[in-house]
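Single-letter residue listing:
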2 protein chains.
Amino acid sequence: MNIGIQPASLTTDWASGRVDGAGVVRARRTIGDLHGLFTDEAARAALPQDRLAYATECAFPVAEGTAGGLFWGTTIIEPGLVGDEYLMTKGHFHAHADRTEFYFTYAGEGLLLLMDRARRCRAERMVAGSTHAIPPDTAHRTINIGSVPLSFGACWPSDAGHDYAAIARDGFAARVRRIAGVATVVAA
Amino acid sequence: MNIGIQPASLTTDWASGRVDGAGVVRARRTIGDLHGLFTDEAARAALPQDRLAYATECAFPVAEGTAGGLFWGTTIIEPGLVGDEYLMTKGHFHAHADRTEFYFTYAGEGLLLLMDRARRCRAERMVAGSTHAIPPDTAHRTINIGSVPLSFGACWPSDAGHDYAAIARDGFAARVRRIAGVATVVAA
């Protein structure tokens with residue numbers, strides 16, 4: 001008896017990073033969702049609040065919190081400035097501190113800002129193909145420093161969880177500013 | 001004080017799947033390494049034993065066995081037949097049974113053969129962009145059914161481990177054979 005061949009339930013477009021398939025969850029963060037994220041809050045408030053800042057497309061083949069599972073998704077950050085800061089994600093630690101993550105860039109130009117619990121920061125350049133192993137107990141934020149959308153993929157443990165509260169309260173110890181036309185990482 | 005921007009320590013070429021960077025571990029499996037894998041052992045023994053069957057390029061940012069870590073790598077399977085079976089990987093369960101894995105295809109044409117502990121098999125088609133969530137406690141083997149190298153990436157937990165012994169002893173309950181020119185999944 002022959003055994004049927006099924007298509008994969010998910011696809012990833014390696015040029016754009018777009019993820020498609022049954023059960024893919026799409027989310028949007030607008031300028032209005034990013035209240036308090038930028039130094040120049042007045043500049044953020046002056047922008048159209050429903051303007052897209054970044055979008056995510058994720059596959060969750062097991063339930064959130066399941067031990068041993070993995071999730072897969074893409075984030076696409078729009079280009080743009082808020083004052084002298086570039087559009088960026090909120091950033092987070094993992095709730096389960098030893099859980100790591102891979103980021104991998106499909107298109108655009110960005111920075112991955114990393115901060116350990118001692119608030120030491122460093123930045124890695126994101127370009128098509130750059131592949132980033134995020135260490136344990138390290139907050140991570142991505143910043144689009146280019147003129148086109150920054151698209152990158154992620155694979156992370158289904159029991160990593162997200163701790164957004166520490167970053168919402170204390171921020172990162174570094175910011176990325178456009179200084180004389182150049183993306184520059186400075187102490188916050 | 002400005003904070004320096006570093007390049008990523010790893011790169012992935014989305015066209016070929018090739019992984020490069022400090023610490024990337026490359027391994028090769030030759031026809032000679034695949035003793036006992038195919039039904040037609042005489043056909044395998046008659047081929048050049050040092051001929052490449054598949055190659056892997058992997059990044060291990062944390063030590064094997066570390067909880068919460070992830071590994072990243074690419075496998076490239078050469079095209080070819082051994083008797084009426086296509087070149088394929090050995091296949092394995094994870095030693096830590098609840099650990100899952102993502103496979104994602106860069107180039108070529110293949111099949112992902114999956115088998116649960118009750119020896120129920122199913123197959124998913126691998127084409128560029130196909131993205132596969134391997135469930136817990138499920139053996140996985142990849143087969144190049146095309147005429148060019150099959151290249152796919154993987155991301156898996158650093159404490160998944162590999163159980164090759166069950167497959168070496170009992171095999172998969174299904175095989176992929178070339179029947180009338182078509183890759184066909186049949187009961188073993």
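Residues numbered from 1 in each chain as written. Chains lettered and ligands numbered in written order. Predicted model: local features only at pLDDT ≥ 70, side-chain atom pairs only at ≥ 80, totals over all residues.

Asks: Requested: an account of the overall build of chain A, with residues and values cited.
Replies: Regarding its fold elements, chain A presents two helices and 17 strands. Relative to the 2.2 N^0.38 estimate, which gives 16 Å for 188 residues, the radius of gyration of chain A is 17 Å and therefore close to what a compact globule would have. When the backbone C-alpha atoms are referred to their principal axes, chain A occupies close to 70 × 35 × 30 Å. Counting all 188 residues of chain A, 44% fall into the buried class. Taking all contacts inside chain A whose residues are at least 6 apart in sequence as the whole, residues at least 24 apart take part in 70%. (Helix = DSSP H or I, 4+ residues; strand = E, 2+ residues; numbered from the N terminus. Rg over C-alpha atoms; globule rule 2.2 N^0.38 Å. Buried ≥ 20, exposed ≤ 12 C-beta atoms within 10 Å, placed from the backbone. Contact = placed C-beta atoms within 7 Å.)

Asks: Residues and numbers for the interface of chain A and chain B, please.
Replies: Contacts between the two partners involve 47 residues from chain A, matched on the other side by 47 residues from chain B. Per-element accounting of the side of chain A that touches chain B gives the leading share, five residues, to strand S12 (residues 121-126) of chain A. Across the side of chain A that touches chain B, the residue classes tally to 27 nonpolar, 13 polar and seven charged. (Nonpolar A, V, L, I, M, F, W, Y, C, P; charged D, E, K, R; others polar.)

Asks: Talk me through the relation of the copies chain A and chain B; I want residue IDs and the actual numbers.
Replies: Each copy of the sequence occupies a distinct position, and chain A is placed on chain B by a rotation of 180° and an axial shift of 0.0 Å, giving an RMSD of 0.0 Å. The symmetry that links the two subunits is that of a two-fold axis. Residue Trp14(A) of chain A places its C-alpha closer to the rotation axis than any other residue of that unit, at 3.1 Å. The overlap is high: 100% of the interface residues of chain A also sit at the interface in chain B, so the same surface is used on both sides. (Least-squares fit on C-alpha atoms with pLDDT ≥ 70 in both.)

Asks: Summarise the pairing of strand S10 (residues 101-107) of chain B; cite the residues concerned and give the values.
Replies: All names here are of chain B. By the criterion of burial, S10 is predominantly enclosed, with seven of the seven residues buried. As paired elements, S10 and strand S13 (residues 130-134) share four bridges and run antiparallel to each other. The residue of S13 that forms the bridge with Phe104 is Thr131. Judged from the five bridges that link them, S10 and strand S15 (residues 150-157) form a sheet pairing that is antiparallel. Opposite Phe104, over in S15, you have Gly153 as the bridge partner. (Pairing = 2+ DSSP bridges.)

Asks: Would you mind going over the sheet that holds S13(B) in detail, with residue names and values included?
Replies: As a general point, the strands of a sheet are linked pairwise by backbone hydrogen bonds and lie either parallel or antiparallel. Spatial strand order, S4(A)-S3(A)-S13(B)-S10(B)-S15(B)-S7(B)-S6(B)-S5(B): eight strands in an open sheet with antiparallel pairing. Taken across any chain shown, the strands that pair with only one partner, and hence form the sheet edges, are strand S4 (19-21) of chain A together with strand S5 (25-30) of chain B. For this sheet, the mean angle separating the axes of adjacent strands, direction not counted, is 25°. Looking at chain direction, strand S3 (residues 10-12) of chain A and S13(B) are connected through two bridges and run antiparallel. Counterpart to Thr11(A) in the pairing with S13(B) is Ser130(B). (Axes fitted to C-alpha atoms, helices over the stretch in contact; angles between N-to-C directions.)

Asks: So, unusual backbone geometry: which residues are in play, and what are the values?
Replies: A negative phi angle is the norm for most residues apart from glycine, just as the trans form is the norm for most peptide bonds. Notably, Asp137(A) is not glycine yet its phi reads approximately 55°, a positive angle. Residue placement: Asp137(A) occurs in the loop between strand S13 (130-134) and strand S14 (138-144). Given 15 C-beta atoms within a 10 Å radius, Asp137(A) is considered partly exposed. One non-glycine residue, Ala180(B), adopts positive backbone phi at about 55°. Its place among the elements puts Ala180(B) in the loop between strand S16 (174-179) and strand S17 (182-187).

Asks: Could you give an account of the sheet that holds strand S11 (residues 110-116) of chain A, with specific residues and numbers?
Replies: The four strands lie next to each other as S14(A)-S11(A)-S12(A)-S2(B), forming an open sheet whose pairing is mixed. Taken across any chain shown, the strands that pair with only one partner, and hence form the sheet edges, are S14 of chain A together with strand S2 (5-7) of chain B. Each strand axis lies, on average, 30° off the axis of its neighbour in the sheet, ignoring direction. In this sheet, S2(B) lies alongside S12(A) in parallel orientation, the contact comprising three bridges. Across the sheet, the residue bridging to Glu124(A) is Gln6(B), located in S2(B).

Asks: Quick rundown of the nonpolar core? Include the residues and the values.
Replies: If you look at the biggest cluster of nonpolar residues, it comprises 100 residues, and the most contacted ones within it are Leu113(A) and Leu113(B). Setting aside residues no more than four positions away along its own chain, Leu113(A) makes contact with Cys121(A), Ala123(A), Arg141(A), Ile143(A), Phe172(A), Ala174(A) and Val176(A). (Core = buried A, V, L, I, M, F, W, Y, C linked by C-beta atoms within 7 Å.)

Asks: Give a description of the pairing of S13(B) that names residues and reports values.
Replies: Regular strands have side chains that alternate between both faces of the sheet. The buried fraction of S13(B) amounts to five of the five residues, a majority that puts the element mostly inside the structure. Burial along S13(B) is two-sided: the face carrying Ser130(B), His132(B) and Ile134(B) and the face carrying Thr131(B) and Ala133(B) are both buried.

Asks: Could you give me a rundown of the confidence of the model for chain A, with the residues and numbers involved?
Replies: Looking at chain A as a whole, its pLDDT mean stands at 96, while 99% of the residues score no less than 70. Interface scoring of the predicted complex returns ipTM 0.96; its pTM is 0.97. (pLDDT = per-residue confidence, 0-100.)

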